[in-house]
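Observations on the three-dimensional arrangement
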Amino acid sequence: MASDEGNWLELATPTGATIRVLKAAHPRARRLRLTVTPKGARLTYPNGTHVAQMTAFLRHHADWLEQKLGEFHLDAEPLPPLRVGVPTTFPFRGEEVTLDWEEGAYPRVNHEPGQLVLSIPRPHTRALLVARGLLATHFEAQIRRDVSRWLPAYIPQINAAPTALRIRPLKSLWGSLDTRDRINLDLALALAPPAALRYVLVHELCHLKVRNHSPKFWHWVEAVFPDYKEQRRWLRANGSGLKLQLDRLIADVAD
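Residues numbered from 1 in each chain as written. Predicted model: local features only at pLDDT ≥ 70, side-chain atom pairs only at ≥ 80, totals over all residues. Heavy atoms only, no water.

1. So, the sheet that holds strand 9 (residues 115-120)
The strand order across the open sheet built from four strands is 6-7-9-8, with neighbouring strands paired in mixed fashion. Looking at which strands have only one partner, the edges of the open sheet turn out to be strand 6 (88-92) and strand 8 (108-112). Shown here is a sheet whose adjacent strand axes are inclined to one another by a mean of 30 degrees, direction ignored. Alignment of strand 6 against strand 7 (residues 95-103), held across five bridges, turns out to be antiparallel. Each bridged residue has a counterpart across the sheet, and for proline 91 the counterpart in strand 7 is glutamate 96. In this fold helix 3 (residues 127-158) packs onto strand 6, strand 7, strand 8 and strand 9, with an angle of close to 135 degrees to the strand it touches most, strand 9. (Pairing = 2+ DSSP bridges. Helix = DSSP H or I, 4+ residues; strand = E, 2+ residues; numbered from the N terminus. Axes fitted to C-alpha atoms, helices over the stretch in contact; angles between N-to-C directions. Contact = heavy atoms within 4.5 Å.)

Right under this line is the structure:
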């Protein structure tokens, strides 16, 4: 059963666990919507929705909710915060790299094999915010470089092209295709192996042909990118960690 506690709902799952779900009304919401991110579960609902409807909705999705929260490993050891001048490590393009710091005449990122060096000018009054901005810009540029190399081969195969490419942090998705045929990609994909990024790009490109996830859609994906299942499995197993890493590296910029 579920109980109401202010802005939270508590759901007892079939396995005996208790899940706390943040509930939030949205003026434009037309239905109940449940999302899971590395920060937890959230239920968005239209104004006037009765708590009984929300708890029934949660009970119906209890198994799915517990599974998704488990994938995010919310009980894992917290990642160390990003601190100016303190070296740290994180995945970039699927490989562990060291983040180091130096003083320089102007802000920039020096990318060397196995290492990213942030050059931050003095004084350091807003050094952390500058560092986060540098990383976000560097990650986006890397994704755009990869996509620009791959698109010329994929567009003729699909016989369709997106109208634009937007790259930004996404809470729970890896990518999406909007009604204007613009592809959105999660900035965290810069941390993943290039093959995983390539799969998400192909996935969204194939939505230009089929807007749903029917067998026809997956036939398109497999025809364009035969080992898509391997990359999809990799993202399911490792994706939550990437989103947590991105959050600690550029959180202030994303907000």
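What follows picks up the thread again.
2. Digging into the environment of glycine 175
Mapped onto the secondary structure, glycine 175 falls in strand 11 (residues 175-177). As a C-alpha pair, glycine 175 and leucine 189 span 14 residues in sequence and 9.5 Å in three-dimensional space. Residues contacting glycine 175, with those up to four places away along its chain left out, are Leu170, Asn184, Leu185, Val200 and Glu204.

3. A short note on helix 1 (residues 51-60)
Within helix 1, burial applies to Met54, Thr55, Phe57 and Leu58. All buried residues of helix 1 fall inside an arc of 160 degrees around its axis, so they share one side. (Buried < 20%, exposed > 50% of the residue type's maximum accessible area, 1.4 Å probe, protein only. Arc of directions from axis to C-beta.)

4. Focus on the sheet that holds strand 12 (residues 182-186)
The sheet built from three strands is open, its strands ordered 10-12-11 with mixed pairing. Every interior strand has two partners, whereas the edge strands, strand 10 (164-168) and strand 11, have only one. For this sheet, the mean inter-axis angle between neighbouring strands, taken without regard to orientation, is 15 degrees. Helix-sheet contacts for helix 4 (residues 194-206) involve strand 11 and strand 12, and the interaxial angle to strand 12 is about 155 degrees.

Taken by themselves, the reported measurements are silent on function.
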